[in-house]
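The residues making up each chain are set out below.
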Amino acid sequence: MTAPHAGIHEVMTSVGGALGVPGFTDVLGLPESRRYVVMLVDGLGLDLLREHADLAPFLSSCLNVENVLAGIPSTTSVSLTSLGTGLLPGQHGMAGYTCRIPGTSRFLNTLKWDDRIVPEQWQPHPTVLSRLADEGIAVTVVNDDRFELSGLTRVSQRGVPFVGVRHAWDRLAAVVEAVERDDRALVYAYESAVDHTGHGSGVDSDEWRKALVEVDRDVADLRAALPPDVVLLVTADHGMVDVPMEGRFDLVDHPKLRDDVVLVAGEARFRHVHTRSGAEAKVAARWRSALGDRVEVRLRDEAEEWFGPIDPAVRARFGDVVVAALDDFAVFASDAFSVELLLRGFHGSITPRERRIPVLVAG
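Residues numbered from 1 in each chain as written. Predicted model: local features only at pLDDT ≥ 70, side-chain atom pairs only at ≥ 80, totals over all residues. Heavy atoms only, no water.

A. View of the pattern of salt bridges. Summed over the entire model, instances satisfying the criterion amount to 22 salt bridges. Of the charged contacts, one joins D335 and R258 as a salt bridge, the two residues approaching to 3.1 Å between their closest N and O atoms. Separated by 77 residues along the polypeptide, D335 in the loop between strand 17 (330–332) and strand 18 (345–346) and R258 in the loop between strand 12 (248–250) and strand 13 (261–267) bring together distant segments of the chain. In the salt-bridge network here, residues are joined through shared partners; they are D260, R276, K282 and R286. (Salt bridge = Lys/Arg side-chain N within 4 Å of Asp/Glu carboxyl O. Helix = DSSP H or I, 4+ residues; strand = E, 2+ residues; numbered from the N terminus.)

B. Examining the pairing of strand 2 (residues 35–41) more closely. Within strand 2, seven of the seven residues are buried, which leaves the element mostly enclosed by the surrounding structure. Burial of the side chains of strand 2 extends over both faces: R35, V37, M39 and V41 are buried on one face and Y36, V38 and L40 on the other. As judged from the seven bridges shared by strand 2 and strand 9 (residues 185–191), these two strands associate in the parallel manner. When the bridges of strand 9 are listed, V41 appears paired with E191. Where strand 2 and strand 10 (residues 231–235) come together, five bridges link them in parallel fashion. Residue L40 lies in a different strand from strand 10, and its bridge partner there is T235. (Buried < 20%, exposed > 50% of the residue type's maximum accessible area, 1.4 Å probe, protein only. Pairing = 2+ DSSP bridges.)

C. Just the domain arrangement of the protein chain, in detail. Splitting the protein chain by domain gives domain 1 (6–87 + 125–241 + 351–362) and domain 2 (245–342). Placing a centre on the C-alpha atoms of domain 1 and another on those of domain 2 gives a separation of 30 Å. Facing the six residues of domain 1 at the interface are nine residues of domain 2. Interface area lost by domain 1 to domain 2 is led by I72, P73 and T351, which between them contribute 61%. At the surface where domain 1 touches domain 2, the tally comes to one salt bridge. The salt bridge partner of E354 is R269, with a shortest N-O separation of 2.7 Å. Where domain 1 meets domain 2, there are two residue pairs in polar contact (both at pLDDT 80 or more). In terms of residue class, the side of domain 1 that touches domain 2 is built from three nonpolar, two polar and one charged. (Domains from an automatic or database assignment. Contact = heavy atoms within 4.5 Å. Buried area = accessible area lost by both parts, 1.4 Å probe. Polar contact = N/O pair within 3.5 Å; in protein donor to acceptor, adjacent residues only side chain to side chain. Nonpolar A, V, L, I, M, F, W, Y, C, P; charged D, E, K, R; others polar.)

D. Examining the packing of helix 10 (residues 193–201) against helix 11 (residues 206–225) more closely. One can describe the packing of helix 10 onto helix 11 by two numbers: an axis separation of 9 Å at closest approach and a directional angle of 175 degrees. Our classification of the angle between helix 10 and helix 11 gives roughly antiparallel. Note on element contacts: helix 11 touches helix 10 through E207, W208, A211, L212 and V215, opposite A193, V194, T197, G198 and S201. Its residues assigned to classes, the contact of helix 10 with helix 11 comprises six nonpolar, three polar and one charged. (Axes fitted to C-alpha atoms, helices over the stretch in contact; angles between N-to-C directions. Parallel < 35°, antiparallel > 145°, perpendicular 65-115°, else oblique.)

E. Geometry of the packing of aromatic side chains. Counted according to the given criterion, the structure contains nine aromatic pairs. It is R317 that lies over the ring of W122; its NZ or CZ is 3.6 Å from the centre. (Phe/Tyr/Trp six-rings, centres within 6.5 Å; stacked < 30°, edge-to-face > 60°. Lys NZ or Arg CZ within 6 Å of the ring centre and 35° of its normal.)

F. The arrangement of the nonpolar core in detail. Core analysis: the largest hydrophobic core is formed by 93 residues, its most contacted members being L186 and Y188. Split by domain, this core shows at least three residues from each of two domains, domain 1 (6–87 + 125–241 + 351–362) and domain 2 (245–342). Filtering out sequence-adjacent residues up to four positions away, Y188 remains in contact with M12, V38, L40, L80, L83, L129, T140, V141, V142 and Q157. Counting 20 residues, the second largest nonpolar core, distinct from the first, contains V283, A284, V297 and A333. (Core = buried A, V, L, I, M, F, W, Y, C linked by side-chain atoms within 4.5 Å.)

G. How the structure looks around unusual backbone geometry. In this structure, the amide linkage connecting I72 to the following residue, P73, adopts the cis form with an omega of -5 degrees. Mapped onto the elements of the fold, P73 is located in the loop between strand 4 (66–69) and helix 4 (76–85). The backbone of N67 sits at a positive phi, close to 65 degrees, despite the residue not being glycine. Relative to the assigned elements, N67 resides in strand 4.

H. Examining the sheet that holds strand 15 (residues 295–299) more closely. Taken together, four strands build an open sheet; the order of strands is 13-14-16-15 and the sheet is antiparallel. The strands lining the two open edges of the sheet, one partner per strand, are strand 13 and strand 15. Within this sheet the neighbouring strands show an average axis-to-axis angle of 20 degrees, counted without direction. The pairing of strand 13 with strand 14 (residues 270–275) spans six bridges and is classified as antiparallel. Among the inter-strand pairings, E267 is bridged to a residue of strand 14, identified as F270. Its contacts with the sheet place helix 12 (residues 280–291) against strand 13, strand 14, strand 15 and strand 16 (321–325), and it is angled at close to 175 degrees to strand 15.

I. Just the environment of A224, in detail. Structurally, A224 can be placed in helix 11. Residues A224 and D115, spaced 109 residues apart in sequence, show a C-alpha to C-alpha distance of 41 Å.

J. Region of interest: the side chain of T98. On the secondary structure map, T98 appears in strand 5 (residues 98–100). Classification of T98 as buried rests on a relative accessible area of 1%. Here the side chain of T98 touches G266 through a polar contact of 2.7 Å, landing on its backbone oxygen. Among residues more than four places away in sequence, those in contact with T98 are F107, L108, N109, A265, G266, H272 and F337.

Encoded structure:
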């Protein structure tokens, strides 16, 4: 199955089309069905899956919809919000793992959130799940119970019942029960082990390979437990790359790059650089000169190809200058993001390894 070049923001809306819900178009060419389970495996980029096909025989046997990409930045909070709203980042306003809170010198960590920020105001667009529920689909989210009231859940999956679980076997039972409760149903489920292990140990590690084997087995068990008429769709939010020590550039060691800069946000593979008014071009030129062909540097107004058209209401969340790391390079800011130095695997940038995602159809 081949999409003409689709984005993660079109995955859940395509499921709506495959369910036959008016107002939704299946641009991916998915199988028609009255019941779907969509499972997102965090961090399982398509390149990684293909390179380790022998470790994931079930996932590798599934029919893949080709040419589907995560958005930019290729990071969890952005991708889940695009999946959940059917919108590009420039529209939904989730600008990155961390992004500036307009009018302040603070940034929002979009995974940990900030009690001073109301998620429904930060991202006011209705979710695809709630829109499908309004059309009579029995929609359920099954996820780790810690995430039920999180900012990211409220931004991307609000408006439908949430079932909290702790283990893969709990998730299997909850998903099967939820999808069986109506003859028109959609269940969204989430798995984090591959991403978590990749960050801590790297994707070129025995630990990561073991995590992939376990996830493949869990997904195969889920498919076996589902009724035959239910379509199981497995996707991901991004891929991942390992960054060696020689590829780590720390802004702390290069203070001149902070000249005219008021805030650095984003993450190591994709930086949002907020500048003094009028200094954008000068800052961009300085960063290009220092980092060379290891990055791609753009002014915000040159980056709508990456983010989509930027809604004026969320414009200030995106850097005046944006810096995308290439190959196995990354830009650290250890004074503000010290935890990043402890990681092995990263994502967020524009490379195919980070953006190509699987859309696997099983059944």
